[in-house]
Amino acid sequence: MFEDTHDHHVLLTPGPTPIHPRAQQALMRGMLGHMDPEVFALNREIQADLRVMYGTEPEAFTALLAGTGSLGMEAGFANLVEKGDEILVCANGSFGRRMAEMAARYGAHVRLVTAPLGEAIKPEDVAAHLDGVAMVAVVHGETSTGVLNPVPEIARLVRGSGVLLTVDAVTTAGMEPFHMQDWGVDYAYTGAQKCLSAPPGLAPIAISERAFARYAARRTPTPLWYCDFEGLRDYWVEHTYHHTIPVNLHYAFHAALQAALEEGLDARKLRVQQLGQVITRTLAPLGFSHYVRRPEDRLPTVLALRLPTGMDDSAVRLALRAREISVTGGLGPTAGVIWRLGLMGEAARPAPYRALMVALQDLLGAPGLVARYEEELEAAGLVGEKQSVLV
Ligand SMILES: *Cc1c(COP(=O)(O)O)cnc(C)c1O
């Protein structure tokens, strides 16, 4: 089973996403040392590109951490939380709850703002609990439910209060314009394998100057040595050894990020919106419907669709997997109730979803499904995408 190259596997999960061909190619490059001048030049380009991707102030510090998105999450709390700090965490899904868990482990008193499953956090609920808080933490796009939280509105409330704002940008940054400086976000992170279609193992982060100042005023050293902001700066800016970075992953990440910026963040956003609509319209006659009720609460990059009544979720997904198509179901209370279709990075192309429609037409006995998909693609002006890099 592991002999297959999986070059033709159709990965529709909400992360990891299909690797970008340019990233795959970059992985083939020969090894260089982590202290090599060429690697430092590469890192400088990555830092500049990340400033664009996150929309930071010109001097903001950006870097890659040697770990997945969760390490980006953990590094923020490790560096910016001190024992006894009041931290307000918006938790309307499993990644919000992960934030709360991490903040507590670094000694924070955690205040939770929640929302019913499938609904976004209300900015007024954040405003009501801001008193005495050192940081607000929010997940922009909750992968577990397909909900988009109103980060710009929450940021407007936090702005000017001296409270730091940490945003989990895992399902948004790189797939749509992100405005760290304009919104007033202090710390943001994502994972390489989500919107950028790079291999897993790197967490791109951005730290505002305000957050760096807060870090510099800590009473005690950051408990997580590996991701200490100063240690990162020693390597990324001063070019002194801190730890060995995964050079090959940096090559691949650089290629994927350049491809994303060449396409343009606005163009990527439009591609996701259009394809999401096409998929929803194609599947609706079979009984699939939006799980997230309010259109403004829907996360474009993770399409959460309620399944038709009577459809055997696990049987259908197993049959899809036998045809080399991976689809993710719900989590906890939504298991067996929804599918979460990934529209991040290279997953958001007509070709991989055509493969899904071909398989579903057969498995669900739904003649005309593929024809309807083609019509919807054409109506959305996405036909030119047939020549996608992915088959
Ligand atoms: C995937 C994900 C993470 C965690 O990333 P890993 O790379 O799995 O560690 C965090 N937040 C959100 C919203 C995610 O989708």
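Since we're looking at a predicted model, the values are computed, not measured.

1. Examining the overall build of the protein chain
Here comes step 1: Scanning the protein chain for helices and strands turns up 14 helices and 15 strands.
Here comes step 2: Here the C-alpha atoms of the protein chain give a radius of gyration of 21 Å, agreeing with the 21 Å that 2.2 N^0.38 yields for 391 residues.
Here comes step 3: With respect to the three principal axes, the spread of C-alpha positions in the protein chain is 65 × 55 × 35 Å.
Here comes step 4: Split into buried and exposed, the 391 residues of the protein chain put 57% on the buried side.
Here comes step 5: The contacts of the protein chain with a sequence gap of at least 6 include a subset with a gap of at least 24, amounting to 71%.
Here comes step 6: As displayed, the protein chain has an accessible area near 16000 Å², and 54% of this comes from carbon and sulfur atoms.
Here comes step 7: Counting 34 positive and 44 negative side-chain charges, the protein chain places the centres of these two groups 4 Å from one another.

2. Observations concerning the domain arrangement of the protein chain
Here comes step 1: Domain assignment breaks the protein chain into domain 1 (10–15 + 264–379) and domain 2 (21–261).
Here comes step 2: Inter-centroid distance (C-alpha atoms) of domain 1 to domain 2 is 28 Å.
Here comes step 3: Counting from both sides, the interface comprises 27 residues of domain 1 and, opposite them, 29 residues of domain 2.
Here comes step 4: When domain 1 packs against domain 2, the two sides together hide about 2200 Å² of surface, and 63% of this comes from carbon and sulfur.
Here comes step 5: Considering only the surface of domain 1 that becomes buried against domain 2, L265, R268 and L299 emerge as the three largest contributors, covering 28% of it.

3. Brief notes about the site of the ligand
Here comes step 1: Neighbouring the ligand are 13 residues, the closest being T68, S70, T143, D168 and K194.
Here comes step 2: Contact between the ligand and T68: an oxygen atom at 2.6 Å from a side-chain N or O atom of the residue.
Here comes step 3: The side chain of D168 places a nitrogen or oxygen atom 2.6 Å from a nitrogen atom of the ligand.
Here comes step 4: Compared with its free state, where it exposes 380 Å², the ligand has 89% of that area covered by protein.
Here comes step 5: Here the residues of the shell around the ligand are counted per class, giving 3 nonpolar, 7 polar and 3 charged.

4. Quick notes on the pairing of strand 12 (residues 302–306)
Here comes step 1: When you tally the buried positions in strand 12, you get 4 out of 5 residues, the bulk of the element.
Here comes step 2: Judged from the 2 bridges that link them, strand 11 (residues 289–290) and strand 12 form a sheet pairing that is antiparallel. Each bridged residue has a counterpart across the sheet, and for S289 the counterpart in strand 12 is R306.

5. Quick word on the environment of P16
Here comes step 1: Following the sequence through the fold, P16 ends up in the loop between strand 1 (10–11) and helix 1 (21–26).
Here comes step 2: C-alpha of P16 to C-alpha of E262: the two residues are 246 residues apart in sequence and 22 Å apart in space.
Here comes step 3: Other than its neighbours up to four places away in sequence, P16 contacts L11 and Q193.

6. Concerning the pattern of salt bridges
Here comes step 1: Per the stated rule, a full pass over the model turns up 17 salt bridges.
Here comes step 2: The closest approach of N and O atoms between E230 and R233, which form a salt bridge, is 3.8 Å. Separated by 3 residues within a single helix, E230 and R233 lie in helix 9 (residues 229–236), roughly one turn from each other.
Here comes step 3: For R233, a relative accessible area of 31% translates into the label partly exposed.
Here comes step 4: For E263, the salt bridge is made with R268, and the minimal N-O distance between the two is 2.9 Å.
Here comes step 5: Relative accessible area serves as the criterion here: at 28%, E263 is assigned to the partly exposed category.

7. Section: unusual backbone geometry
Here comes step 1: In this structure, P16 follows G15 across a cis peptide bond, with omega equal to -5°.
Here comes step 2: One non-glycine residue, S197, lies in positive phi territory at about 55°.
Here comes step 3: Relative to the elements of secondary structure, S197 occurs in the loop between strand 9 (187–189) and strand 10 (203–207).

8. Section: the nonpolar core
Here comes step 1: One finds Y54, F77, V136 and F253 to be the most contacted residues of the largest nonpolar core, which totals 87 residues.
Here comes step 2: For F77, the contacting residues outside a window of four places in its chain are I87, M99, M102, A103, Y106, M135 and A137.
Here comes step 3: Membership of the second largest hydrophobic core comes to 36 residues, among which are V302, V327, A348 and L360.

9. Things to note about the side chain of T166
Here comes step 1: By the secondary structure assignment, T166 is in strand 8 (residues 164–168).
Here comes step 2: According to the relative accessible area criterion, T166 is buried, its value standing at 2%.
Here comes step 3: Those residues in contact with T166 that sit more than four places away from it in its chain are M99, M135, V136, A137, V138, Y187 and Y189.

10. Some points on the packing of aromatic side chains
Here comes step 1: According to the stated counting rule, one finds 11 aromatic pairs in the structure shown.
Here comes step 2: Between the aromatic rings of Y215 and F229, the centroid separation amounts to 5.3 Å while the plane-to-plane angle is 45°, which identifies the pairing as tilted. Taken together, the residues Y215 in helix 8 (residues 209–216) and F229 in helix 9 connect sequence positions 14 residues apart. In terms of burial, Y215 and F229 fall into one category: buried.
Here comes step 3: Put simply, the rings of F61, Y187, Y189, F212, Y215 and F229 pair up and form one aromatic cluster.
Here comes step 4: The side chain of R29 reaches across the aromatic face of Y251, ending 5.0 Å from its centre.
Here comes step 5: One cation-aromatic arrangement involves R233 over F212; the distance from NZ or CZ to the ring centre is 4.2 Å.

Rules used in this analysis
Residues numbered from 1 in each chain as written. Predicted model: local features only at pLDDT ≥ 70, side-chain atom pairs only at ≥ 80, totals over all residues. Heavy atoms only, no water. Helix = DSSP H or I, 4+ residues; strand = E, 2+ residues; numbered from the N terminus. Rg over C-alpha atoms; globule rule 2.2 N^0.38 Å. Buried < 20%, exposed > 50% of the residue type's maximum accessible area, 1.4 Å probe, protein only. Contact = heavy atoms within 4.5 Å. Areas by Shrake-Rupley, 256 points an atom, 1.4 Å probe, with all protein chains shown as cover. Lys, Arg positive; Asp, Glu negative; His and termini not counted. Charge placed at Lys NZ, Arg CZ, Asp CG, Glu CD. Domains from an automatic or database assignment. Buried area = accessible area lost by both parts, 1.4 Å probe. Near = heavy atom within 4 Å. Polar contact = N/O pair within 3.5 Å; in protein donor to acceptor, adjacent residues only side chain to side chain. Nonpolar A, V, L, I, M, F, W, Y, C, P; charged D, E, K, R; others polar. Pairing = 2+ DSSP bridges. Salt bridge = Lys/Arg side-chain N within 4 Å of Asp/Glu carboxyl O. Core = buried A, V, L, I, M, F, W, Y, C linked by side-chain atoms within 4.5 Å. Phe/Tyr/Trp six-rings, centres within 6.5 Å; stacked < 30°, edge-to-face > 60°. Lys NZ or Arg CZ within 6 Å of the ring centre and 35° of its normal.

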